[in-house]
Amino acid sequence: VNYKKPDRPFYDPDRAIYALQAGCEQGEVLNCLLLADFIDGVDVPPGVTANLNRALALNEDLCRKTPSHSEDVRNYANACWRTHRMLSGDEGLDNNQMLSSWALIRACEFDPGEFGSCDYAGASFYLGGNGVEKNERTAATMWVRSCEQGRQADCVNAGRAFAQWGDDETAFKLQSESCDQT
């Protein structure tokens, strides 16, 4: 990301943080997301101190909100995804399965279908891992949403789950949708 590169003309991390913070305080969703990215501990540029807890708070706050503009949905999905990743134990913070699971479900809810959040959430809940506990019902719910977004394999995954639970009608409908998408 260009604002993280010190070889860029006029590189000034203090000014960047100030501007991003000011925009975030005025409700600019992208500024909050960029500020969290700037300080999240991943590829932190020279002159910037990583602050994982602050980055988590910024992402989690966005994840808790409801988008007011349709163009913000992607940013909210991204914030939820980042919240999940930070709390899954992979990013240097303690694993918090309950909040990590909630954030992953929210990422799926916000995802317009281009990030694969619902597919990832389904697999994570089905297998139990990536910061969440195993829950086949939640996995099926995530796969149904992914199926609705056009991911054929998740129509099959959800269909198999419903067939396993004896709901042949829903299983058949989902399996049929996977065939209709080819």
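This is a predicted model, so every value here is computed, not measured.

Draft legend 1. Molecular detail of the packing of aromatic side chains. The tally for this structure, following the rule as stated, stands at four aromatic pairs. Between the aromatic rings of Y126 and W143, the centroid separation amounts to 5.4 Å while the plane-to-plane angle is 45°, which identifies the pairing as tilted. Of this pair, Y126 sits in helix α6 (residues 117-127) while W143 sits in helix α7 (residues 136-148), placing them 17 residues apart in sequence. With relative accessibility at 32%, the residue Y126 sits in the partly exposed group. When its relative accessible area of 6% is taken as the criterion, W143 is described as buried. The interplanar angle of 80° and the centroid separation of 5.4 Å between the aromatic rings of F162 and W165 together place this pair among those described as edge-to-face. Take F162: its relative accessible area is 18%, and that puts it in the buried class. If you follow K134 out to its NZ or CZ, it ends over the ring of Y126, 5.5 Å from the centre. Note that R137 overlies the ring of W165, its terminal NZ or CZ placed 3.9 Å from the centroid.

Thresholds applied
- Residues numbered from 1 in each chain as written.
- Predicted model: local features only at pLDDT ≥ 70, side-chain atom pairs only at ≥ 80, totals over all residues.
- Heavy atoms only, no water.
- Phe/Tyr/Trp six-rings, centres within 6.5 Å; stacked < 30°, edge-to-face > 60°.
- Helix = DSSP H or I, 4+ residues; strand = E, 2+ residues; numbered from the N terminus.
- Buried < 20%, exposed > 50% of the residue type's maximum accessible area, 1.4 Å probe, protein only.
- Lys NZ or Arg CZ within 6 Å of the ring centre and 35° of its normal.

All we've got here are geometric facts, nothing functional implied.
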